[in-house]
Structures are given as structure tokens and as C-alpha cells.
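The lines below spell out each chain.
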Amino acid sequence: MPLQALRTVAKPQNGVGAFILQCKRLDFHYCDWAGSSKGMNAFLTKTLPAFAARNPGIELHVSPRPGRHPVLRGAYINGCHKAICVRNMQPAEILDKVQLLKAGSGEKLRRERRPVKSANESVRGVWSPFHGGGYKV
């Protein structure tokens with residue numbers, strides 16, 4: 001009778017195995033005639049095709065919003081959304097904002113109380129100067 005291996009499904013985690021990109025979709029909203037969308041229109045025609053070719057794992061949506069300022073929206077795999085208004089920005093500045101949305105996780109910015117996050121507590125516990133037998137100087 002041959003032995004069969006147990007089937008396990010690995011839980012996807014960043015840092016273990018392959019990197020999982022957190023940004024799943026970017027939405028580009030612009031206006032055709034408004035002056036505040038001039039940089040966005042230039043970005044969409046010149047820079048966006050190269051960005052899309054470099055990032056095939058991100059879904060890109062481009063939609064007009066007449067009479068409104070241009071907006072970038074990022075959707076993430078954890079269900080969060082981020083929106084950035086890019087009115088009167090140049091295409092290079094818009095590319096920086098797109099990179100910011102792409103690299104983000106969608107989480108709100110929070111103050112870190114502990115510099116290291118760990119799923120497992122320390123094996124030795126928390127050190128205190130009152131541990132041990134006491135030393136005489």
C-alpha cells in the first residue's frame with residue numbers, strides 16, 4: 001500500500017514565499033475639457049500605457065467625470081479604498097501618486113507603539129532589571 005502525502009494549502013503571507021501585491025485596481029477619473037485635468041489627460045495618453053505594461057497584475061479603469069476634478073482611486077485586496085485628488089498636477093507628479101497607491105496596503109496610517117510586530121511572543125519573556133537574584137555592587 002503506497003503512502004500518500006497530506007494535502008495542505010499554504011496561507012498566502014508576504015515575506016513567506018512569493019510577494020503578494022496589495023493593490024488590485026486603480027481607477028483614473030478625469031474631465032475632457034477642464035483645465036485642472038490637463039496633467040491627467042497628458043498622463044493618460046503618454047505615461048499610462050508604459051505603466052500598464054510594467055504592472056500587468058493591477059487592473060486599470062479609466063473613466064471620464066465631466067465637470068469634476070481628476071481623482072485617482074486605489075482598491076486593495078483587504079477591501080479598503082484610497083482616493084487622491086490630482087488637480088493641477090503635472091504627469092510626473094501624478095506618476096508619483098500612482099506609485100504611492102500601488103505600493104500602499106490601503107490601511108489607515110497609525111502610530112506604531114511597538115517597532116516590531118510579531119505573531120509569536122518572545123520565548124524568554126519581557127526583560128526587567130528586577131529579574132534575577134540581584135547583584136551587589
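Cut-off values and rules
- Residues numbered from 1 in each chain as written.
- Predicted model: local features only at pLDDT ≥ 70, side-chain atom pairs only at ≥ 80, totals over all residues.
- Heavy atoms only, no water.
- Pairing = 2+ DSSP bridges.
- Helix = DSSP H or I, 4+ residues; strand = E, 2+ residues; numbered from the N terminus.
- Axes fitted to C-alpha atoms, helices over the stretch in contact; angles between N-to-C directions.
- Contact = heavy atoms within 4.5 Å.
- Expected span 1.5 Å × (residues − 1).
- Buried < 20%, exposed > 50% of the residue type's maximum accessible area, 1.4 Å probe, protein only.
- Arc of directions from axis to C-beta.
- Salt bridge = Lys/Arg side-chain N within 4 Å of Asp/Glu carboxyl O.
- Core = buried A, V, L, I, M, F, W, Y, C linked by side-chain atoms within 4.5 Å.

## Examining the sheet that holds strand β2 (residues 59-64)
Reading across the sheet, the four strands line up as β2-β1-β3-β4 and stay open at both edges, with mixed pairing between neighbours. The outermost strands of the open sheet, each flanked by one partner alone, are β2 and β4 (81-85). Each strand of the sheet is rotated relative to its neighbour by a mean of 15°, with strand direction disregarded. For strand β1 (residues 23-30) and β2, the ladder comprises six bridges, and the chain directions are parallel. The residue bridging Leu26 from the neighbouring strand is Leu60, located in β2. Relative to β1, helix α1 (residues 38-54) is tilted by about 155°, and along the sheet it contacts β1, β2 and β3 (71-76). Sheet strands touched by helix α2 (residues 91-103): β1, β3 and β4. Its angle to β3, the strand with the most contacts, is close to 15°.

## What to know about α2
Between its first and last C-alpha atoms α2 spans 18 Å; for 13 residues at 1.5 Å apiece the expected length is 18 Å, and the two agree. Along α2, the residues classified as buried are Ile94, Val98, Leu101 and Lys102. Taken end-on, α2 shows its buried residues confined to a sector of 100°, consistent with a single buried face. Every exposed residue of α2 that faces more than 90 degrees away from the buried side is listed here: Ala92, Asp96, Leu100 and Ala103. Elements in contact with the buried residues of α2: β1, α1, β3 and β4.

## Some points on the pattern of salt bridges
The final tally for this structure, using the stated rule, is two salt bridges. Of the charged contacts in the structure, one is a salt bridge between Arg25 and Asp27, with a shortest N-O distance of 3.3 Å. Relative accessible area serves as the criterion here: at 12%, Asp27 is assigned to the buried category. Here Glu107 makes a salt bridge to Arg110, at a shortest N to O gap of 3.4 Å. Owing to a relative accessible area of 35%, Glu107 belongs among the partly exposed residues under this scheme. In this structure Arg110 comes out as exposed when scored by relative accessible area, which is 61%.

## Here we look at the nonpolar core
In this structure, Leu26, Phe28, Met40, Phe43, Leu72, Ile94 and Val98 are the most contacted members of the largest nonpolar core, which totals 18 residues. At the level of elements, β1, α1, β3 and α2 are the ones that each hand at least two residues to this core. Broken down by element, the residue count for this core peaks at five residues, all from α1. In this structure, Val98 is in contact with Leu26, Phe28, Phe43, Phe51 and Leu72, ignoring residues within four places of it in sequence.

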